[in-house]
Amino acid sequence: MTKTIAILGAGAWGTTLANLARANDHQVRLWSRQGDLSLEDVVKNAEIVLSAISMKGVQDVALSVKSCQISPQTIFVTATKGLDAKTTRTPSQIWQTEFPDHSVVVLSGPNLSEEISQGLPAATVVASKNTAAAQVVQQVFSSGRFRVYTNSDPVGVELGGTLKNVMAIASGVCDGLHLGTNAKAALVTRGLTEIIRIGKVLGAKTETFYGLSGLGDLLATCNSPLSRNYQVGYQLASGKTLTEILASLPGTAEGVNTCQVLMQISQEQNITMPITEQVYRLLETQVTPKQALDELMLRDTKPEYHQ
Ligand SMILES: NC(=O)C1=CN([C@@H]2O[C@H](COP(=O)(O)OP(=O)(O)OC[C@H]3O[C@@H](n4cnc5c(N)ncnc54)[C@H](OP(=O)(O)O)[C@@H]3O)[C@@H](O)[C@H]2O)C=CC1
Ligand SMILES: O=C(CO)COP(=O)(O)O
């Protein structure tokens, strides 16, 4: 059945998702601040409102949508991978707070938009407390090139996509310093342990992090120069400053902001996040890439599974 879909954010990801839905014959209206269509006109009568806005714009856009005419049955989908700097909330928590009577679905997975735009195969996850809503979104995007799974742990799916961005920065540093395959395997594996430790405190299920939206996205983003977060780390290792890197980066690297929010959460909730802490200190120019490596290697010895 053809759906009317409003996609908010005409960046790399919003445009790619719009093309996937159009290829399945859905009616798609795309909104961005630079576009010709008003937000009011784009969301009017939409059965699905999908946000692919960068984290820094989500709260403001959600408030603007609230003042528009929205059908009571409209499903909200969020594809943003970040945490709110002021409240530390996830995007789905923001949308659900502003629209408490609507279903909210998280869409997240190993989805480098450039590969999907080229027609290469990929898989993703749509997660919601409302299974029927997740199934509607699954049908909208599923195709022979885009395999969509449902999941009932939206916060876990969302945090997998968000927390791996910090590990992708660390992986870029690792590769930029040419530390080798063993080091990269250790970093990504301990990164997953750290993601699970944080995610559990923030309300996610452990098993979700072993799926596409957790391990899957971690592998994709930590191993691809197409990832903006990976690029930030790689270029930091080559001696560029963060300001220089961000000035020439094609699009958003959410891991920079996420890292700051995680340090705030780490202090408030007393969660040990050694890799995140070193990425934070590197971004803040408190350590060099080589010093960050030494700090991680020379931590107190401990059993592997002692979380
Ligand atoms: N690219 C990818 O491969 C993937 C990205 N994502 C996630 O999707 C989100 C968007 O990424 P991506 O599309 O790549 O990023 P881009 O930088 O390409 O696009 C960001 C979009 O957000 C909009 N935006 C930014 N700030 C505001 C604001 N304050 N108010 C309104 N709109 C705003 C931009 O609008 P404007 O053009 O007007 O500036 C633009 O449409 C991120 O959270 C990212 O982690 C998830 C999966 C894959
Ligand atoms: O989330 C992504 C792939 O799943 C995109 O990664 P970047 O935001 O680092 O480019």
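Residues numbered from 1 in each chain as written. Chains lettered and ligands numbered in written order. Predicted model: local features only at pLDDT ≥ 70, side-chain atom pairs only at ≥ 80, totals over all residues. Heavy atoms only, no water.

## Comments concerning the nonpolar core
Moving on, step 1. Counting 41 residues, the largest nonpolar core has Val232, Leu262, Val279 and Leu283 as the members making the most contacts within it.
Moving on, step 2. Of all elements in the fold, only helix H7 (154-176), helix H8 (181-201), helix H9 (212-222), helix H10 (228-237), helix H11 (242-248), helix H12 (255-269) and helix H13 (274-283) reach the threshold of two or more residues within this core.
Moving on, step 3. Of the residues forming this core, the biggest block, ten residues, is contributed by H7.
Moving on, step 4. Ignoring any residue separated from it by four or fewer positions in sequence, one finds Leu283 in contact with Val232, Leu236, Leu242, Val256 and Cys259.
Moving on, step 5. Residues Ile75, Val126, Val137 and Val148 belong to the second largest nonpolar core, which totals 26 residues. (Core = buried A, V, L, I, M, F, W, Y, C linked by side-chain atoms within 4.5 Å. Buried < 20%, exposed > 50% of the residue type's maximum accessible area, 1.4 Å probe, protein only. Helix = DSSP H or I, 4+ residues; strand = E, 2+ residues; numbered from the N terminus. Contact = heavy atoms within 4.5 Å.)

## Quick look at the site of ligand 1
Moving on, step 1. Looking at ligand 1, there are 23 residues lining it, with Trp13, Arg33, Ser113, Thr252 and Glu254 nearest.
Moving on, step 2. Between ligand 1 and Trp13, the relevant distance is 2.9 Å, taken from an oxygen atom to a main-chain nitrogen or oxygen of the residue.
Moving on, step 3. For ligand 1, an oxygen atom lies 2.8 Å from a polar atom in the backbone of Ser113.
Moving on, step 4. Taken by itself ligand 1 offers 890 Å² of open surface, and the protein chains cover 85% of this.
Moving on, step 5. For the shell around ligand 1, the secondary structure elements donating two or more residues are helix H1 (12-23) and helix H3 (55-66).
Moving on, step 6. Looking at the shell around ligand 1 element by element, the count peaks at three residues for H3. (Near = heavy atom within 4 Å. Polar contact = N/O pair within 3.5 Å; in protein donor to acceptor, adjacent residues only side chain to side chain. Areas by Shrake-Rupley, 256 points an atom, 1.4 Å probe, with all protein chains shown as cover.)

## Details of the UniProt feature "active site" (unreviewed entry) in the chain
Moving on, step 1. Under the UniProt annotation, the feature "active site" (unreviewed entry) is placed at Lys164.
Moving on, step 2. For Lys164, a relative accessible area of 4% translates into the label buried.
Moving on, step 3. Apart from the residues lying within four places of it in its own chain, the contact partners of Lys164 are Lys81, Leu159, Ile195, Asp217, Leu218 and Thr221. (UniProt positions renumbered as here; feature names shortened; annotations may be inferred.)

## A word on the packing of aromatic side chains
The geometry of an aromatic ring pair is captured by the separation of the ring centres together with the interplanar angle, meaning the angle of the planes.
Moving on, step 1. Tallied over the entire structure, the rule returns four aromatic pairs.
Moving on, step 2. Pairing Trp95 with Phe99 gives two aromatic rings, centres 6.1 Å apart and planes at 20°, and the pair type is stacked. Phe99 carries the same exposure label as Trp95, and that label is buried.
Moving on, step 3. Members of the aromatic cluster, each reached through a chain of ring pairs, are Phe76, Trp95 and Phe99. (Phe/Tyr/Trp six-rings, centres within 6.5 Å; stacked < 30°, edge-to-face > 60°.)

## Looking at the UniProt feature "binding site: NADPH" (unreviewed entry) in the chain
Moving on, step 1. Sites flagged by UniProt as "binding site: NADPH" (unreviewed entry) map to Trp13, Arg33, Lys81, Ser113, Arg228 and Glu254.
Moving on, step 2. One can find Trp13 in helix H1.
Moving on, step 3. Filtering out sequence-adjacent residues up to four positions away, Trp13 remains in contact with Ala52, Ala79, Leu107, Asn111, Ser113, Ile116 and Phe146.
Moving on, step 4. Locating Arg228 in the fold gives a position in helix H10.
Moving on, step 5. Residue classification places Arg228 among the partly exposed residues on the basis of a relative accessible area of 27%.
Moving on, step 6. Non-local contacts of Arg228, meaning those with residues more than four positions away in its chain, are made with Leu249, Pro250, Gly251, Thr252 and Ala253.

## Some words on the site of ligand 2
Moving on, step 1. Near ligand 2 the following residues occur: Lys81, Gly109, Pro110, Asn111, Leu112, Lys164, Asp217, Thr221, Leu226, Ser227, Arg228 and Asn229.
Moving on, step 2. Between Asp217 and ligand 2, the recorded distance is 2.7 Å, taken from a side-chain N or O atom to an oxygen atom.
Moving on, step 3. Surface burial for ligand 2 is 92%, taken as the share of its 300 Å² of free accessible area covered by protein chains.
Moving on, step 4. Of all the secondary-structure elements, those providing two or more residues to the shell around ligand 2 are H9 and H10.
Moving on, step 5. Looking at the shell around ligand 2 residue by residue, the class counts come to three nonpolar, five polar and four charged. (Nonpolar A, V, L, I, M, F, W, Y, C, P; charged D, E, K, R; others polar.)

## Some details on the environment of Gly172
Moving on, step 1. Topologically, Gly172 is positioned in helix H7.
Moving on, step 2. Here Gly172 falls in the buried class, since its relative accessible area comes to 0%.
Moving on, step 3. Sequence separation between Gly172 and Glu98 is 74 residues; the distance between their C-alpha atoms is 36 Å.
Moving on, step 4. Ignoring any residue separated from it by four or fewer positions in sequence, one finds Gly172 in contact with Tyr230, Gly233 and Tyr234.

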